[in-house]
Amino acid sequence: MPYKADNSPDYCDWRYTDIYQCLSTFFWDYAIKKVLFYHSNKPFFITDMPINRTAKSLLKIIAFFFLPVIFSVFSYALPPLQLYIELTPEGGNLRPEPGRYSGPVTITRAITIDGQGKVIIDSEGLGSVMTVEANGTVLKGLHLTNSGDSFDQANAGITLKADKTIIENNVIDNTLFGINILGSNDNIIRNNTIRSIDTSLSLRGDGIRMWNSHDNLIENNRFNKVRDIYITNSLTNRFINN
């Protein structure tokens, strides 16, 4: 079923999606409609301008035909997972095609991302691979790798800033910290394999780092080459069979 920009179905399965149709929709919805212009120090959106239906259709046609050219020119670059996330509706399920995608990624609305054990998200040494800011997000079957190396910014495989999420059956490796949990409650983190960067113990991050977070379940996770598990100002969390 193809992606629909409005009133989307409850999933976005890219195995059955016309990718260029989706990208042209993205080009219109995000790169054109939400381009911010400045006039007399007051911002306004291009959608506020008097663009008639013919002009809008022309822009969509341009996007449809030129996006393949753009992606072929930059074919050496990894496809950005953030784009797919932006095209997935609230409450939707994203099942990307097997392969390697670029990060960093930020999730700001509740969706499910299912990598089915065949999707790699590579942050290429920049920041946290994935930052979750939406309550109710589900991440499963993903391989997250190559975070940044900043202790000050606590670069991690996953930086969690949300409640009632499920993070399960993921592989996190070559990241400074594994999962950094910040002010997040009632989450389930289970059956994940977490490994820090391959360096001396003092230069590795923690497998799980938790601050001001309560009532979380941390269960059946495997840790390798991490510095520690660090918990502070956090109550009634359960750690089982890690």
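Everything discussed here concerns the structure shown above.
Here's a quick rundown of the structure. Per chain, the residues get numbers from 1 upward, laid out in the order the sequence is written. Whole-chain, interface and lining totals are the exception, using all residues; otherwise, since this is a predicted model, local features are given only for residues with pLDDT of at least 70 and side-chain atom pairs are given and counted only at 80 or more. With hydrogens and water set aside, each side-chain value is computed from the structure's full complement of heavy atoms.

With that out of the way, let us pick up the environment of Leu-139. Tracing the backbone shows Leu-139 in strand 9 (residues 138-145). Judged by relative accessible area, Leu-139 falls into the buried class, the value being 1%. Look past the residues within four positions of Leu-139 in its chain and what remains in contact with it is Ile-107, Ile-113, Met-130, Val-132, Ile-158, Ile-166, Ile-167, Glu-168 and Asn-170. Helical segments are the DSSP runs of H or I of at least four residues, strand segments are the runs of E of at least two, and each set is numbered from the N terminus. Exposure classes here rest on a 1.4 Å probe applied to the protein chains alone. A residue is buried below 20% of its type maximum, exposed above 50%, and partly exposed in between. The criterion used for residue contact is that any of the two residues' heavy atoms lie within 4.5 Å.

A few words on the nonpolar core. The term nonpolar core refers to a set of buried residues drawn from Ala, Val, Leu, Ile, Met, Phe, Trp, Tyr and Cys, joined through side-chain atoms within 4.5 Å. Core analysis: the biggest nonpolar cluster contains 31 residues, and Ile-107, Ile-113, Ile-121, Met-130, Leu-139 and Ile-179 have the highest contact counts within it. At the level of elements, helix 3 (81-86), strand 6 (105-107), strand 7 (112-122), strand 8 (130-132), strand 9, strand 10 (156-160), strand 13 (177-182) and strand 16 (208-211) are the ones that each hand at least two residues to this core. Setting aside residues no more than four positions away along its own chain, Met-130 makes contact with Leu-81, Val-105, Ile-107, Ile-113, Ile-121, Leu-139, Leu-142, Leu-144, Gly-157, Ile-158 and Thr-159.

Below, the discussion takes up the pattern of salt bridges. Salt bridges are identified by distance alone: a Lys or Arg side-chain nitrogen within 4 Å of an Asp or Glu carboxyl oxygen. In the structure shown here, the tally under the stated rule is 7 salt bridges. The shortest N-O distance in the salt bridge between Arg-109 and Glu-86 comes to 3.9 Å. Pair noted here: Arg-109 is in the loop between strand 6 and strand 7 and Glu-86 is in helix 3, with a separation of 23 residues, a long-range link. Here Arg-100 ties to Asp-122 by a salt bridge, and the two come within 3.1 Å at their closest N and O atoms. One end of the pair, Arg-100, is in strand 5 (residues 99-102); the other, Asp-122, is in strand 7, and 22 residues separate them in sequence. We classify Arg-100 as partly exposed; its relative accessible area is 37%. For Asp-122, a relative accessible area of 7% gives the class buried. Three or more residues joined by partner-sharing salt bridges are found here, namely Asp-206, Arg-209 and Arg-227.

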